[in-house]
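Each chain, letter by letter, is given below.
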Amino acid sequence: MALRDCTEVLPIFPLNMVALPGSSIPLNIFEARYRVLFSTLLSGDDDVDEGLVNPDAAWHGTRTFGMCAVSGQGQMAAVGCTCYIDKHKSWKDGQILIECTGKERFVVTELVQERPIVLCKVDTLEDVDVDISSEVDEKAESVRERKFYTICMSQLLQVFQT
């Protein structure tokens, strides 16, 4: 895991779950401040309440936000995942159903703002490919050998006991 040198400020949606790259994440947005956030992220799309949109926000219309897990005590994780909004549906009562996909992991480098929404400076984490196939093959062979040994010993014990 390596840091990419590209600090950016992201709006963060704190939630008691972990988003991972490639995962599909359904969200039901009902709290007023997050309705403003998601309306701003979706600005320009059909059925978005433009009265809730903040046109001055840097993430206006980007459909991209960060998600960090939050503990039961309210502590936000230092590592999160960028998410991209794939689909949405706005309801008459103001709730927004969101379907998004996790994109890239990031590390929070600075908390910029806590209210009304969390804004953080983040650096993207690059996933480093590691070839573990030979290590896995060795461990699998070791397990097979131990299993074979156990079977042989069990059969030998049966022979000597009869």
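Residues numbered from 1 in each chain as written. Predicted model: local features only at pLDDT ≥ 70, side-chain atom pairs only at ≥ 80, totals over all residues. Heavy atoms only, no water.

K.L.:
Would you mind going over the overall build of the protein with me for this structure?
P.N.:
From N to C terminus, the protein includes two helices and seven strands. Mapped in sequence order, the helices and strands of the protein form the string β-β-β-α-β-β-β-β-α. Scored against the burial criterion, the 162 residues of the protein give a buried share of 31%. About 10,500 Å² of surface is accessible on the protein, with carbon and sulfur atoms providing 55% of the total. (Helix = DSSP H or I, 4+ residues; strand = E, 2+ residues; numbered from the N terminus. Buried < 20%, exposed > 50% of the residue type's maximum accessible area, 1.4 Å probe, protein only. Areas by Shrake-Rupley, 256 points an atom, 1.4 Å probe, with all protein chains shown as cover.)

K.L.:
How do you make sense of unusual backbone geometry when you look at a structure like this?
P.N.:
Leaving glycine aside, a negative phi is the common case for residues, and trans is the common case for peptide bonds. Of note, the amide linkage connecting Arg115 to Pro116 takes the cis form, showing an omega dihedral of 0°. Locating Pro116 in the fold gives a position in the loop between strand S6 (96-113) and strand S7 (118-126). Positioned with a positive phi, Asp47 is a non-glycine residue whose angle comes to about 60°. For Arg63, which is not glycine, the phi torsion reads 65° and is therefore positive.

K.L.:
I would appreciate a short explanation of the pattern of salt bridges in the present structure.
P.N.:
Pairs can form between side chains of opposite charge once their charged atoms are near each other. Taken as a whole and judged by the stated rule, the model has three salt bridges. The partner of Glu31 in a salt bridge is Arg33, with the nearest N and O atoms 2.7 Å apart. Its relative accessible area of 35% is what places Glu31 among the partly exposed residues. A salt bridge links Glu110 to Lys121, with the shortest nitrogen-to-oxygen separation between them at 3.7 Å. Residue Glu110 is found in strand S6, and its partner Lys121 is found in strand S7; the two are separated by 11 residues along the sequence. For Glu110, a relative accessible area of 38% gives the class partly exposed. (Salt bridge = Lys/Arg side-chain N within 4 Å of Asp/Glu carboxyl O.)

K.L.:
Is there a simple way to explain the pairing of strand S2 (residues 8-15) in this structure?
P.N.:
In the case of a regular strand, side chains alternate between the two sheet surfaces. Two strands pair when backbone bridges link them, and S2 and S7 are joined in this way by five bridges, in the antiparallel orientation. The partner of Pro11 across the bridge, within S7, is Leu119. Here S2 pairs with strand S4 (residues 64-69) via four bridges, running parallel. Looking at S4, one finds that Pro14 is bridged to Cys68. (Pairing = 2+ DSSP bridges.)

K.L.:
Which parts of the structure should I look at to understand the side chain of Ser39?
P.N.:
In this fold, Ser39 is placed in helix H1 (residues 32-41). If we skip the residues at most four places from it in the chain, Ser39 touches Val48, Asp49, Leu52, Val53 and Ile96. (Contact = heavy atoms within 4.5 Å.)

K.L.:
What's the story with the packing of aromatic side chains in this structure? I'm lost.
P.N.:
We describe a pair of aromatic rings using the distance from one ring centre to the other and the angle between the two ring planes. Under the definition given, this model contains three aromatic pairs. Between Phe13 and Tyr34, the aromatic rings sit 5.0 Å apart at their centres with planes inclined by 90°, giving edge-to-face as the arrangement. A residue pair is termed long-range when its members are at least 10 positions apart, and Phe13 in strand S2 and Tyr34 in helix H1 qualify at 21 residues. Of the residues examined, Phe13 reaches a relative accessible area of 7% and is grouped as buried. Classification of Tyr34 by relative accessible area gives buried; the value is 6%. Summarising the aromatic geometry, the rings of Phe38 and Phe65 are spaced 5.0 Å apart at their centres and angled 75° between planes, so their arrangement reads as edge-to-face. (Phe/Tyr/Trp six-rings, centres within 6.5 Å; stacked < 30°, edge-to-face > 60°.)

K.L.:
I would appreciate a short explanation of the environment of Thr109 in the present structure.
P.N.:
Relative to the helices and strands, Thr109 resides in strand S6. Sequence-wise, Thr109 and Cys120 are 11 residues apart; in three dimensions their C-alpha atoms are separated by 7.3 Å. Contacts of Thr109, omitting those with residues within four sequence positions, involve Thr7, Lys121, Val122 and Asp123.

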